Amino acid sequence: MRILIKGGRVIDPKTQFDAVADVAIANGKIISLGKAPAGFEADKVIEANDHWVFPGIVDLCARLREPGFEYKATIASETAAAASAGITTLCSPPDTVPVIDNATVLEMIYHRAERANNARVVSIGALTAKLEGKNLSEMLALKNAGAVGVSNAFKPVKSSLVMRRAMEYASSHDLTVFLYAEDPWLRAGGCAHEGAISTRMGLTGIPEIAETIAVARDLALIERTGVRAHFCRLSTAKAERLIARAQHDGLPVTADVSAHQLHLSDMDIGDFNADCNVRPPLRALRDRDGLRRGLREKTISAICSDHQPHDIDAKIGPFNNTEPGISALETLLPLTMRLVRDNVLSLNEAIAKLTIEPAKILGLPLGTIEAGAIADVCVYDPEKYWVLSKEAMVSAGNNTPFSGWEFEGKVVHTLYAGQSVYSAK
Amino acid sequence: MSYRQNIQLTPDKKLKHFLTIEGLSRAILTDILDTAETFVSVGEQAVKKVPILRGKTIVNLFFENSTRTRTTFELAAKRLSADVLNINISVSATSKGESLLDTLRNLEAMQSDMFVVRHSESGAAHFIAQNAPDHISVINAGDGCHAHPTQAMLDMFTIRRHFPSFNQLKVAIVGDILHSRVARSQIHALTTLGVEEVRVIGPKTLIPTDVEPMGVHVYHDLRQGLDDVDVVIMLRLQNERMQGALLPSPQEYFQSYGLTENTLAYARPTAIVMHPGPINRGVEISSKVADGPRSVILEQVTNGIAVRMAVMSMVLGSYAAARGEK
């Protein structure tokens, strides 16, 4: 399949290319930027006048719910939602059922993703067996089967000794450790940021120190073990400062933030809105602002969706009885583009944090539009006005607090490895 | 989006549900107190009944055990001539797979007019009000650590019977503020009714983070906190919180935060002592004080019936009729 994307403004943060150019694609690769080579005959032409053309989005954290929670969503349903949102690579955490702590589960996920063929799915393997935080997983086998890193996901590694050993072992096999920093004792049964709002609402709080203490411990272990580490979904301004200092000191650490943490705060819980039940919790406004600053100053190099689709029942009940998480694939790009409108990031920076930067964290040759690159491309109409409604969502989960939000700009075409996987009607 | 509106009020700003004091005007709170005043005499008559809610069905829906609160709600409903259904849903019933929403759907099928709800999770009453059909009113009889608005209103009623006005009053709430829905509702009620100062007193382990924005001053020393106050509200200390990481022992708690004749002496000579009950004698309050002349604890119980009658008649739209009954 040969495709020509014609007349669009091509924006590629990796090469700092930003100009109107045609993009020629064949055999899953970008052939040329600018004038197509002589003799190139396109099977399909995508007219992109007044549209932006940038690399397909790489999402560092999306739970696809398969295997184990197919009543919530499946790899097929969520990769289709990803395609409609310009996302061409999804990174899934290991806390499926069964856990991704062996090659078989990983291969099954990759096989299902290939069959759905809407987007690339890569997976992080378990750091410890069954995510129990006791014994190491077979990290090398996971790596050989295609795991892009190792993580204990939401499950804490309570023992600092086990964490040290796991980091040393991961480092020996050149694996990145993905860390969700949360002290399990300080979190206790909490469900909302500990502060004036949780106090007023009588909700058990999750204090800021639940994150900073875990980050501080893990930074000390990273310094000792030399492992390459990535902090997932920061929620506090203070943790961002800790990581900034560690980066300044030369530690091999990166960090991401979920898009909703950059727009919402604990005040949005309102009258116990279960769609605002997320983990880590929505924090205070000063945290939101600190995370925005961290993005600008590049402490936080990537923005992820932290996609967690749910069935309807999961969000019905008193706040703390509902399951945390947002169905977030379809708001990742819109919320990131809103940061450009709000003068938090330049357009180039915003796109970088969704494409080349997460690709670098995963160590994958993705997130760029240059000759020879894999043809993951998003064509975007920057002037299309739309309103998000739960009913119109593609994901099997419509648990979003952004229903009713107005957005300017929408994906019109998505190409994954040179094939058209989505076209707006 | 429904959660942005005050779901407690009808479009013409009348009380539709009674879920929390927060967000209600001083006028509405004063209306509740005035209406309750008209019901006090009902309890003193030989025939303790008025026909205001005749033909209405009220369901007491208790997901958490409570004898006292349920009984006063039941008595209040019966004195208004309503039919009352008591349903105790133990936690195990809902954990057997029936969701809270399924339970509600079943109860709606019984064509009731009002749910009085108690639940161990904060926000449960809001959740039920948001999901109940339009003709059902919901009264919160306590949800998690969030709110217990009828208890707070009966406390306000009791205070008003002892003082000419709220404006000059200093009120201290002592004890486990962290887990107390009563304290939260009292704070909202007191600040809305315009008292001069609200203080919360307790060890840091029992005072919630950032409580000051609710309009209170925090004290960790009982004597300093009680200095010059008009009203002392003691909170119940739950058994499971008396030892462990929150407090070392009930003895040490009584030593530092127990109300005795000695510590009460720091308050004004005219000060009254309140407690939502049930009392832990010798833990948060000495028997001498609890049974002493400054204690209004039993008055609170009596007033609870009139206040709950007022709230029930108001949310069922029988407000005018209730006032006319005087």
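Remember, predicted model here, so these are calculated numbers, not experimental data.

The rules we used
Residues numbered from 1 in each chain as written. Chains lettered and ligands numbered in written order. Predicted model: local features only at pLDDT ≥ 70, side-chain atom pairs only at ≥ 80, totals over all residues. Heavy atoms only, no water. Helix = DSSP H or I, 4+ residues; strand = E, 2+ residues; numbered from the N terminus. Rg over C-alpha atoms; globule rule 2.2 N^0.38 Å. Buried < 20%, exposed > 50% of the residue type's maximum accessible area, 1.4 Å probe, protein only. Contact = heavy atoms within 4.5 Å. Lys, Arg positive; Asp, Glu negative; His and termini not counted. Charge placed at Lys NZ, Arg CZ, Asp CG, Glu CD. Areas by Shrake-Rupley, 256 points an atom, 1.4 Å probe, with all protein chains shown as cover. Buried area = accessible area lost by both parts, 1.4 Å probe. Salt bridge = Lys/Arg side-chain N within 4 Å of Asp/Glu carboxyl O. Polar contact = N/O pair within 3.5 Å; in protein donor to acceptor, adjacent residues only side chain to side chain. Domains from an automatic or database assignment. Axes fitted to C-alpha atoms, helices over the stretch in contact; angles between N-to-C directions. Parallel < 35°, antiparallel > 145°, perpendicular 65-115°, else oblique. Left-handed = near helix turned anticlockwise from the far one by under 90°. Nonpolar A, V, L, I, M, F, W, Y, C, P; charged D, E, K, R; others polar. Pairing = 2+ DSSP bridges. Expected span 1.5 Å × (residues − 1). Arc of directions from axis to C-beta.

1. Examining the overall build of chain A
Check the secondary structure of chain A and you find 12 helices and 18 strands. Its C-alpha atoms give chain A a radius of gyration of 21 Å, near enough to 22 Å, the size a compact globule of 425 residues would have. Here chain A holds 425 residues, and 61% of them are scored as buried. Counted over contacts in chain A with a minimum sequence separation of 6, partners at least 24 positions apart contribute 74%. Between the mean site of the 46 positive side-chain charges and the mean site of the 51 negative ones, chain A shows a separation of 3 Å.

2. Structural notes on the overall build of chain B
The secondary structure content of chain B amounts to 13 helices and nine strands. For chain B, whose C-alpha radius of gyration is 19 Å, the value lies close to the compact-globule estimate of 20 Å for 326 residues. Overall, the C-alpha framework of chain B stretches about 55 × 50 × 40 Å when taken along its three principal axes. Expressed as a percentage of its 326 residues, the buried residues of chain B come to 58%. The contacts of chain B with a sequence gap of at least 6 include a subset with a gap of at least 24, amounting to 74%. Carbon together with sulfur atoms contributes 49% to the accessible area of chain B, which is approximately 13400 Å² in total.

3. What to know about the environment of Ala255(A)
Residue and element names in this part refer to chain A. Here Ala255 shows up in strand S14 (residues 253–258). Take Ala255: its relative accessible area is 0%, and that puts it in the buried class. With 106 residues separating them in the primary sequence, Ala255 and Ile361 have C-alpha atoms 9.0 Å apart. The residues contacting Ala255, other than those within four sequence positions of it, are His230, Phe231, Leu234, Ile243, Thr299, Ile300, Ser301 and Ala302.

4. Remarks on the interface of chain B and chain A
Across the contact, 25 residues belong to chain B and 20 residues belong to chain A. In total, about 1900 Å² of surface goes out of reach between chain B and chain A, with carbon and sulfur atoms giving 55% of it. At the boundary of chain B with chain A, the tally comes to one salt bridge. For Arg200(A), the salt bridge goes to Glu22(B), with nearest N and O atoms at 2.7 Å. Where chain B meets chain A, there are six residue pairs in polar contact (both at pLDDT 80 or more). At the level of elements, helix H4 (100–108), helix H5 (124–131) and helix H7 (181–193) of chain B are the ones that each hand at least two residues to the side of chain B that touches chain A. The biggest single contributor to the side of chain B that touches chain A is H5(B), with four residues.

5. Some remarks on the domain arrangement of chain B
Residue and element names in this part refer to chain B. By domain assignment, chain B separates into domain 1 (2–147 + 302–324) and domain 2 (149–300). Between domain 1 and domain 2, the C-alpha centre-to-centre distance is 26 Å. With 35 residues of domain 1 at the contact, the number on the domain 2 side is 30 residues. Taking both partners together, domain 1 and domain 2 bury about 2500 Å²; carbon and sulfur atoms supply 59% of that area.

6. Some words on the packing of helix H7 (residues 208–225) of chain A against helix H8 (residues 237–248) of chain A
Residue and element names in this part refer to chain A. Orientation of H7 relative to H8, taken along the N-to-C sense of each, is 15°, at an axis distance of 9 Å. Comparing their axes, H8 and H7 come out roughly parallel. Crossing hand, H7 versus H8: right-handed. Packed against H7, whose contacting residues are Glu208, Glu211, Thr212, Val215, Ala216 and Leu219, the element H8 presents Lys238, Ala239, Leu242, Ile243 and Ala246 at the interface. A breakdown of the residues in the contact of H7 with H8 according to their chemical character gives seven nonpolar, one polar and three charged.

7. Remarks on the sheet that holds strand S6 (residues 197–201) of chain B
Residues and elements named next belong to chain B. If you trace the five strands from one edge of the open sheet to the other, you get S7-S6-S5-S8-S9, paired in parallel fashion. Pairing within the sheet leaves two strands with one partner each, and these edge strands are strand S7 (217–219) and strand S9 (272–274). Going across the sheet, the axis of each strand differs from the next one's by a mean of 20°, ignoring polarity. Pairing analysis gives five bridges linking strand S5 (residues 170–174) to S6, with the strands arranged parallel.

8. Re helix H2 (residues 103–116) of chain A
Residues and elements named next belong to chain A. In this model, H2 (14 residues) spans 20 Å end to end at C-alpha, consistent with the 20 Å of a helix rising 1.5 Å per residue. For H2, every residue scored as buried is listed here: Val105, Leu106, Ile109, Tyr110 and Ala113. In an axial view of H2, the angular spread of the buried residues amounts to 135°, which keeps them on one side of the axis. Within H2, the exposed residues directed more than 90 degrees away from the buried face are Thr104, Glu114 and Arg115. Buried residues in H2 make contact with helix H1 (75–84), strand S8 (120–126), helix H3 (139–144) and strand S9 (147–151).

9. Considering the domain arrangement of chain A
You'll often see interface size given as the accessible area lost when the parts meet. All names here are of chain A. According to the domain assignment, chain A consists of domain 1 (2–53 + 373–383 + 406–423) and domain 2 (55–362). Listed as interface residues are 22 residues of domain 1 and, on the opposing side, 23 residues of domain 2. The contact between domain 1 and domain 2 buries some 1900 Å² in all, and 64% of this surface belongs to carbon and sulfur atoms. Its largest share of buried area at the contact with domain 2, domain 1 owes to Pro13, Phe407 and Tyr416, together 30% of the area lost on that side. Where domain 1 meets domain 2, there are one salt bridge. Between Arg120 and Asp376 there is a salt bridge, with its nearest N and O atoms 2.6 Å apart.

10. Description of the packing of helix H4 (residues 160–172) of chain A against H7(A)
All names here are of chain A. At a closest axis distance of 10 Å, the pairing of H4 and H7 adopts a crossing angle of 45°. Overall, the two elements H4 and H7 adopt an arrangement that is oblique. In this structure, H4 crosses over H7, and the sense of that crossing is right-handed. Seen from H4, the contacting residues are Ser160, Met163, Arg164, Met167, Glu168 and Ser171; seen from H7, they are Arg217, Asp218, Leu221, Ile222, Arg224 and Thr225. Per-class residue counts for the contact of H4 with H7 are four nonpolar, three polar and five charged.

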